[in-house]
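Here is how the chains run, residue by residue.
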2 protein chains.
Amino acid sequence: MESKSRVLIVGVTGRLGRHLAEASLSSGHPTYALVRATTLTSSPEKSQLLQSLVSSGLQLVQGSLEDYPVVVETIKQVDVVISALGSFQIMDQKNIIRAIKEAGCVKRFIPSEFGSDPEKIRLPDPSYTFHAKKSEIRRIIREEGIPFTFISCNYFATFLLPSLVQPGLKCPPRDKVFIYGDGNTKAIFVKEEDVAAFTIKAMDDTRTLNKTVYLRPPGNIQSFNEIVQLWEVKIGKTLEKIYVPEEQVLKIIEENSYPSNFEMVFIYSAFIKGDHIYFSIKDSGVEATELYPDHKYTTISEYLDTLL
Amino acid sequence: MESKSRVLIVGVTGRLGRHLAEASLSSGHPTYALVRATTLTSSPEKSQLLQSLVSSGLQLVQGSLEDYPVVVETIKQVDVVISALGSFQIMDQKNIIRAIKEAGCVKRFIPSEFGSDPEKIRLPDPSYTFHAKKSEIRRIIREEGIPFTFISCNYFATFLLPSLVQPGLKCPPRDKVFIYGDGNTKAIFVKEEDVAAFTIKAMDDTRTLNKTVYLRPPGNIQSFNEIVQLWEVKIGKTLEKIYVPEEQVLKIIEENSYPSNFEMVFIYSAFIKGDHIYFSIKDSGVEATELYPDHKYTTISEYLDTLL
């Protein structure tokens, strides 16, 4: 019987990391997480999460990415390394790459991307540096000849969708909605659990070796107008619609400095520029839905049901 | 009959700004707000807020702090300027100071502080620059001879308290609580509405001219242990307590880069260093409770009732 590959997850207490650990453990992979000693007391939320993951079989390795010997020793014990580090720690992945190179046993490295393809994005500043860092990590991985898979899953469902893409709101509006752009550009939102399940499938798949995998399931692709329409049907009410044209959106981004324009930058990228979808993936990667046609993704419509 | 002073509020759509506008309007002051044209479409939340304030009598002036002539013309029409700009815009107040100087009619300027006294704080980095900027604004105001009041209201009730000072949690815990430090240092939390009401009283008061006013009402001062105890009585249950010693807290701050250590830095400042309370205000300012002994503040205990 084929033994399951051993997985190390870095960034396990983050937004995606917890789901990666759950998906890996429930698929029977021996799963390790590199966790700082202080993380256990830094917040009750993280402490509780780690306890629950450990009781499911997660093996904690105490250490940080700055403890280089610990990183190398840990990586020597695994076949796959998945990084789910947050956007402020993208460059810290250089230490992981160096340790993977030294350990020499890793069959696949999945760096922290889990968003738009950083080499295809046409975002306005200041997010440019955000994607530039991810591109730089890609460059180093290729240069070092490390076997990789890049996961381009576009936006997480819990980003923007919970307010029906209305900055500042905590839940979807029930009377009036702002639509940024003309509302016809398609964007993609995938639930974190689906991204994690998919990543665990892809990490051992020879078809994804040294490829970018794009997650664009049909039920997860909708325009702003379509999302609003879905919501209107669900609540049984027509909303007043206020269209904010592209030039106005750019002005909002320009006049509000980072980080207060953060959401608007990503709204612009997805719903106006169409950075998610309007490019050919033929030469750069593979389509997730073709690799695993049977995987059932939570659709945008199903996600909106949970907000009712 | 004495006419009410005319007030300009900058940053009216922020966390405190809305309450300042409401307090000013309900006290009968002609109230103006400098608002960018794009703010009306930047988010449904802000648009709705502005509509509601305008219907209460707020007079919107369209413009930004970069439109210097607009700023000067607006300031020429008022007696008091209150800035409630967010922490990323502290240095933008230089434009306000320059315009106040040119307008020559302003009887009081209240810059955006509304936190701990930036000249007394002993926070570890990276928040140091945050307070250094506020100190720099104080220096310029004094140098230019602009009549001022600095409001040192300590922490807002909606910061840290909603989770009973548990980073990452959205509501107070009901089984286990982390206590950072030994739990005996006193901290101060005041509701935004009270800070705003107080600021509007202080802006015309000769006793607060060129002074720092400290808000430290007795019912708003509690130690970590006392806050937990209050909560235990309210929910009728004893919580398991995990004490995280000071050295551990400092390690958490050091190992987690900004902004993920943001909350912990402020927890350390208030609940371990006691930056709020353990200094003499004799020479530097006046105690709010002595100026207006009749004002009724929402106490920490009353605020916790709203979380049940």
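Structure's up top.
Just so you know, these numbers come straight off a predicted model, no measurement behind them.

Chemist: Please explain the packing of helix 1 (residues 17-26) of chain A against helix 3 (residues 44-55) of chain A as it appears in this structure.
Modeler: The geometry of a pair of packed helices is captured by two quantities: the angle between their axes and the separation between those axes. Residues and elements named next belong to chain A. It is the contact of helix 1 with helix 3, at a shortest axis distance of 11 Å, that shows an interaxial angle of 10°. Considering the angle they form, helix 1 stands roughly parallel to helix 3. Facing helix 1, whose interface residues are Arg18, Ala21, Glu22 and Leu25, helix 3 presents Glu45, Leu49 and Leu53. Here the contact of helix 1 with helix 3 is built from residues that sort into four nonpolar, no polar and three charged.

Chemist: Teacher, can you tell me more about the environment of B:Ile90 here?
Modeler: Residues and elements named next belong to chain B. Along the chain, Ile90 turns up in the loop between strand 4 (80-83) and helix 5 (93-103). Exposure remark for Ile90: the relative accessible area of 2% places this residue in the buried category. Ile90 sits 102 residues away from Glu192 along the chain, and the two C-alpha atoms are 19 Å apart.

Chemist: Even after reading the chapter, I still don't get the pairing of strand 8 (residues 176-180) of chain A, so can you show me in this structure?
Modeler: Residues and elements named next belong to chain A. Buried residues dominate strand 8, accounting for four of its five residues. In this sheet, strand 12 (residues 240-244) lies alongside strand 8 in parallel orientation, the contact comprising five bridges. Bridging across to strand 12, Val177 finds its partner in Lys241.

Chemist: Any chance you could explain the relation of the copies chain A and chain B here in plain terms?
Modeler: Mapping chain A onto chain B calls for a rotation angle of 180° and an axial translation of 0.0 Å; the resulting RMSD is 0.0 Å. The transformation relating the two chain copies, once decomposed into turn and shift, fits a two-fold axis. For chain A, the residue whose C-alpha comes nearest the rotation axis is A:Pro259, separated from it by 5.6 Å. Same-surface contact between copies: 100% of interface residues of chain A are shared with the interface of chain B.

Chemist: Explain the packing of aromatic side chains to me, please; I cannot follow it from the model alone.
Modeler: In this description, an aromatic ring pair is defined by two values, namely the gap between the centres and the angle between the planes. Residue and element names in this part refer to chain A. Going through the model one piece at a time under the given rule, you end up with 28 aromatic pairs over all chains. Each ring, one from Phe159 and one from Phe262, has its centre 6.2 Å from the other, and the planes form 65°; the classification is edge-to-face. On the criterion of sequence distance, the pair formed by Phe159 in the loop between strand 7 (155-156) and strand 8 and Phe262 in helix 10 (residues 262-273) is long-range, its members being 103 residues apart. An aromatic cluster of at least three residues, connected via ring pairs, comprises Phe130, Tyr155, Phe159, Phe178, Tyr180, Phe189, Phe224, Phe262, Phe266 and Phe271. Positioned above the aromatic ring of Tyr68, the side-chain terminus of Arg98 is 3.8 Å from the ring centre.

Chemist: How should I be thinking about the interface of chain A and chain B in this particular structure?
Modeler: How big an interface is tends to be reported as the loss of accessible area on association of its parts. Taken together, the contact pairs 28 residues of chain A with 28 residues of chain B. Applying the counting criterion to the chain A and chain B interface returns two salt bridges. As a salt-bridge pair, B:Glu255 and A:Arg36 come within 3.8 Å of each other at their nearest N and O atoms. Summed over the shared surface of chain A and chain B, the number is ten residue pairs in polar contact (both at pLDDT 80 or more). Here the side of chain A that touches chain B is built from residues that sort into 13 nonpolar, ten polar and five charged.

Chemist: Could you clarify how one ought to interpret the environment of B:Phe156 in this entry?
Modeler: Residue and element names in this part refer to chain B. Relative to the assigned elements, Phe156 resides in strand 7 (residues 155-156). Exposure remark for Phe156: the relative accessible area of 13% places this residue in the buried category. A C-alpha to C-alpha distance of 24 Å links Phe156 and Asn256, two positions 100 residues apart in sequence.

Chemist: How should I be thinking about the sheet that holds strand 4 (residues 80-83) of chain A in this particular structure?
Modeler: Remark on secondary structure: sheet strands pair via backbone hydrogen bonds, oriented parallel or antiparallel. Residues and elements named next belong to chain A. Strand order in this open sheet of five strands is 3-2-1-4-5, and the pairing throughout is parallel. Single-partner strands in this sheet number two, and they are strand 3 (59-62) and strand 5 (108-110). In this sheet, adjacent strand axes meet at a mean angle of 20° when their direction is disregarded. Relative to strand 5, strand 4 runs parallel, the two sharing three bridges. Paired with Ile82 across the bridge in strand 5 is Ile110.

Chemist: Can you help me understand the pattern of salt bridges in this one?
Modeler: The tally for this structure, following the rule as stated, stands at 40 salt bridges over all chains. We note a salt bridge from B:Glu66 to B:Arg36, for which the minimum N-O separation is 3.9 Å. Taken as a pair, B:Glu66 in the loop between strand 3 (59-62) and helix 4 (68-75) and B:Arg36 in the loop between strand 2 (31-35) and helix 2 (39-42) lie far apart in primary sequence, 30 residues in all. In this structure, the salt-bridge partner of B:Glu287 is B:Arg216, at a minimum N-O distance of 3.0 Å. Taken together, the residues span a long stretch of sequence, with B:Glu287 in strand 13 (residues 285-287) and B:Arg216 in the loop between strand 10 (211-214) and strand 11 (221-223) at a distance of 71 residues. One exposure class covers both B:Glu287 and B:Arg216, and it is buried. Residues participating in the shared-partner salt-bridge network are A:Glu113, A:Asp117, A:Glu119, A:Arg138 and A:Arg142.

The rules behind each value
- Residues numbered from 1 in each chain as written.
- Chains lettered and ligands numbered in written order.
- Predicted model: local features only at pLDDT ≥ 70, side-chain atom pairs only at ≥ 80, totals over all residues.
- Heavy atoms only, no water.
- Axes fitted to C-alpha atoms, helices over the stretch in contact; angles between N-to-C directions.
- Helix = DSSP H or I, 4+ residues; strand = E, 2+ residues; numbered from the N terminus.
- Parallel < 35°, antiparallel > 145°, perpendicular 65-115°, else oblique.
- Contact = heavy atoms within 4.5 Å.
- Nonpolar A, V, L, I, M, F, W, Y, C, P; charged D, E, K, R; others polar.
- Buried < 20%, exposed > 50% of the residue type's maximum accessible area, 1.4 Å probe, protein only.
- Pairing = 2+ DSSP bridges.
- Least-squares fit on C-alpha atoms with pLDDT ≥ 70 in both.
- Phe/Tyr/Trp six-rings, centres within 6.5 Å; stacked < 30°, edge-to-face > 60°.
- Lys NZ or Arg CZ within 6 Å of the ring centre and 35° of its normal.
- Salt bridge = Lys/Arg side-chain N within 4 Å of Asp/Glu carboxyl O.
- Polar contact = N/O pair within 3.5 Å; in protein donor to acceptor, adjacent residues only side chain to side chain.

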